[in-house]
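Read off the chains here:
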Amino acid sequence: MNHRKPHRAAALAAGAVMVLSAACGGGATVDDDASGGTAPQLVTVDAGYVSAVDQLGLPIALEIGAFEEQGLDVRLAQPFPTGVDSLNALQAGEVDFVQVGTPAIGAVQRGLDVVLLGSYSGSASKRAIDDTMAVVARPGSGISAADLATLRGKRIGVSVGSINHLYLIGLLNDLQIPVADVEIVNTAPPDMPVALQTSGLDAAIVWDPWPITIRQQVEGSEEIVRGGGHIPYVGYIVAMREFVEQNPDVVQRFLVARATADKWMRDNPDEAAEAATRWLPGTEPAVAQEAMQYNVAQLDPRFSACNYTALDTVAQMLAEQGVTQPGFTVDDRFVPGPITTVMAERPDLFDDLPPIPESARIDDGYTYDRDAALAACPAA
C-alpha cells in the first residue's frame, strides 16, 4: 500500500485499551506480527474527527473493539476543532478518513476530490432531522420562545458555512423572517458563552453539547428552540476518491465497524454518554447524558435517496447565502456501494432504525433525481 507520511500522535483516552502512536499518514498499511505467530495481520488506517458529541462514533468504535473485529488498526488524530481542519488533514495525507458535514461542499468546490461513504449523523428515512441543534438566548435578550418573531433585529452567533448557520436559515425561512432581518455574527462554538455573557450576542445557535454547556455557563440563559425539523442534518464519513478506489475492502470494513459503534450507542446511550466525558475534554457527565439523548436519534449510517436530497438542499441553501457557489452536483460525491453492501450483508446493525421508504432505497448504480427523491422521502 502507500508510503506513509509523518502523522501527529493522539492521546490515550482514559479507560480505553489502546495506543495511539505517532506514526505516518496517507494510506492503509499492513502491520507486521511482532510476536512471530500466526495471528491475523491488522491493516492500519488513520482517522480524524471533530470534538463534538455527534462525532463520537469514531472513538467509540475504537473503545469497543469494532475496528479490531474488522481487522483494522485505526489510529486517531487529535480531535480537530472544525470540519475544515479535518479536511485540511485529509488533503495533506495525515488521515485516511474524516467525519465532516457542510464544509465538504466548499472543499469540493475548491478542488478537493473527496467522496461520501456513509453518515455519522442524519437520516436515511426522512428529509429533515436536527435534534442536536438548539438556539440559546442570553438573559435580557428580548427573545421569547413563545414568540419567535422576537428574533428580528437580534445579533445571532453561528459558524458561517457550518450546519448551525444552515439551521438559522432554515428556522428563519419557516418563520417567514428574511435572513437580512437578523445580524449574523460569525462565532466559533467555544467563544459563544463569553459572547453571550458580554452581550456581544443575543443568541447562539450551535450543536450539542454546546447548547447545554452554554446554559450551565451563562446564568439566566434559556434554550429557545430545540430541533424542529427545520433543516436536513448532514454529516458524512469522508475519504479521498483515490484512497477509496485503491482500498475498497478497507472502506467496507471501516463502515461495518462504524455502523457497529452507532448500533452500540443507540442501544447503550448511558454508556455512550460516559464515553463522551473521556473523548470530549471538559464535558461534564450531566451534559453528556442530556446531549446523548438527542444524538442517538440521528445515528443513522445508511444511505438512501433522502441523503442525496438532504445534501442537495443544504448546498442550495448555502449558495443562496453566497457562502458557496451554485451548481453543486451531489451525484459526483456519493459512493453508495460500500454502505449499501453493508446494509444488505449486516441488517442486524440497522434493524432498530426507521425503515427507509421503498421508493427511496438505492444501490450502487443510483442516479439522483431531486423531484423523485423529494416525493420518496417524507419531510420529517
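That block above? That's the structure.
Fair warning: this is a prediction, and the values are worked out from it, not measured in the lab. (Residues numbered from 1 in each chain as written. Predicted model: local features only at pLDDT ≥ 70, side-chain atom pairs only at ≥ 80, totals over all residues. Heavy atoms only, no water.)

**Comments concerning the layout of surface pockets**
If a probe as big as a water molecule is rolled over the atoms, it shows which places are left empty. Where we set the bar: A cavity here means a set of points on a 1 Å grid, drawn over the protein atoms and nothing else, where a 1.4 Å probe fits but cannot get out; a pocket is an open set with protein on both sides within 12 Å along at least five of seven lines, and a residue lines either one if it has an atom within 4 Å of a point. Grid points are joined across faces, edges and corners, and a volume is the space filled by probe spheres set on the points. Helix and strand assignments come from DSSP, with helices taken as H or I runs of at least 4 residues and strands as E runs of at least 2, each series counted from the N terminus. Each residue is assigned to one class: nonpolar for Ala, Val, Leu, Ile, Met, Phe, Trp, Tyr, Cys and Pro, charged for Asp, Glu, Lys and Arg, and polar for all the others, Gly among them.
Considering only enclosed or pocket space, the largest pocket measures out at about 930 Å³ in volume. What lines the largest pocket is a set of 46 residues, and nearest its centre among them are Val 50, Pro 81, Thr 82, Pro 189 and Trp 207. The set of elements that each furnish at least two residues to the lining of the largest pocket consists of α3 (83-91), α4 (103-109) and α7 (210-217). Across the lining of the largest pocket, the residue classes tally to 25 nonpolar, 18 polar and three charged.

**A closer look at the state of the cysteines**
Applied cut-off: For the purposes of this analysis, a disulfide is any pair of cysteine sulfur atoms at a distance within 2.5 Å.
The full count for this structure, using the stated rule, is one disulfide. Here Cys 306 engages in a disulfide with Cys 377; their sulfurs sit 2.1 Å apart. Note on the Cys 306 and Cys 377 pair: the S-S dihedral is about -100 degrees, so by sign convention the disulfide is left-handed. Linking Cys 306 in helix α12 (residues 305-320) with Cys 377 in the segment after α14 (370-376), this pair joins segments that are 71 residues apart in sequence.

**A few points about the environment of Arg 226**
Applied cut-off: Throughout this description, buried means an accessible area under 20% of the type-specific maximum (1.4 Å probe, protein chains only), exposed means over 50%, and partly exposed covers the range between. We call two residues contacting when some pair of their heavy atoms lies within 4.5 Å. Contacts described as polar in this section are N or O atom pairs within 3.5 Å, which, within protein, must combine one atom able to donate a hydrogen with one able to accept it, while residues neighboring in sequence count only if both atoms come from side chains.
Here Arg 226 shows up in strand β12 (residues 222-226). Arg 226 sits in the buried class, given a relative accessible area of 19%. For the pair Arg 226 and Trp 207, spaced 19 residues apart in the sequence, the C-alpha separation amounts to 10.0 Å. For Arg 226, the residues in contact, after removing those within four places along its chain, are Asp 131, Thr 132, Met 133, Ala 134, Tyr 167, Asp 208, Pro 211, Ile 212 and Tyr 294. A polar atom in the side chain of Arg 226 sits 2.7 Å from the side chain of Asp 208. Side chain to side chain, Arg 226 and Glu 223 meet in a polar contact 3.3 Å long.

**Some points on the sheet that holds strand β11 (residues 203-207)**
Heads up, the condition is: Each pair of strands is called paired provided DSSP finds at least two bridges between the two strands. To obtain an axis, a line is fitted to C-alpha atoms, over the contacting stretch when the element is a helix, and the angle between two such axes runs from 0 to 180 degrees between their N-to-C directions.
Strand order in the open sheet formed by five strands is β10-β9-β11-β8-β12, and the pairing between neighbours is mixed. Lying at the two open borders of the sheet, with one neighbouring strand each, are β10 (183-186) and β12. Here the strands of the sheet are splayed against their neighbours by 30 degrees on average, with no regard to which way each runs. As judged from the five bridges shared by strand β8 (residues 133-137) and β11, these two strands associate in the antiparallel manner. Bridging across to β11, Ala 134 finds its partner in Val 206. Against the sheet, α7 touches β8, β11 and β12, its axis set at about 140 degrees to β11.

**Details of the pattern of salt bridges**
Where side chains of opposite charge bring their charged atoms close, a pairing between them can arise. Spelled out, the test is: Salt bridge, as used here: a side-chain nitrogen of Lys or Arg that lies within 4 Å of a carboxyl oxygen of Asp or Glu.
Applying the stated criterion to the full structure yields 20 salt bridges. Residue Asp 181 pairs with Arg 152 through a salt bridge whose shortest N-O separation is 2.6 Å. Placement of Asp 181 in the loop between α5 (163-175) and β10 and of Arg 152 in the loop between β8 and β9 (155-158) is noted, with a sequence separation of 29 residues between them. Under the relative-accessibility criterion, Asp 181 is labelled partly exposed at 30%. Arg 215 serves as the salt-bridge partner of Glu 290, at 3.1 Å between the closest nitrogen and oxygen. A residue pair is termed long-range when its members are at least 10 positions apart, and Glu 290 in helix α11 (residues 285-295) and Arg 215 in helix α7 qualify at 75 residues. Residue Arg 215 is classed as partly exposed on the basis of its relative accessible area of 28%.

**Topic: the pairing of strand β6 (residues 97-100)**
Burial along β6 is two-sided: Phe 97 and Gln 99 facing one way and Val 98 and Val 100 facing the other are all buried. Here strand β4 (residues 43-48) runs beside β6; their pairing, made up of two bridges, is parallel. Residue pairing for β6: Gly 48 is matched across the bridge by Val 98. Here three bridges tie β6 to strand β13 (residues 235-240), and the two strands are oriented antiparallel to one another. Considered in β13, the bridge of Val 98 is made with Val 238.

**Regarding the side chain of Ser 121**
Locating Ser 121 in the fold gives a position in strand β7 (residues 114-121). Within the local environment of Ser 121, its side chain forms a polar contact with the side chain of Gln 298, the two groups lying 2.9 Å apart. If sequence neighbours within four positions are ignored, Ser 121 has contacts with Asp 54, Tyr 233, Val 234, Gly 235 and Gln 298.

**As for the packing of α5 against α12**
Stated formally: Every angle not falling under 35 degrees, over 145, or within 65 to 115 is termed oblique; those three ranges are roughly parallel, roughly antiparallel and roughly perpendicular.
Here α5 crosses α12 at 85 degrees, and the two axes come no closer than 11 Å. Classified by the angle between their axes, α5 and α12 sit roughly perpendicular to one another. Residues Leu 166, Ile 169 and Gly 170 of α5 form the contact with α12, whose participating residues are Val 314, Met 317 and Leu 318. In terms of residue class, the contact of α5 with α12 is built from five nonpolar, one polar and no charged.

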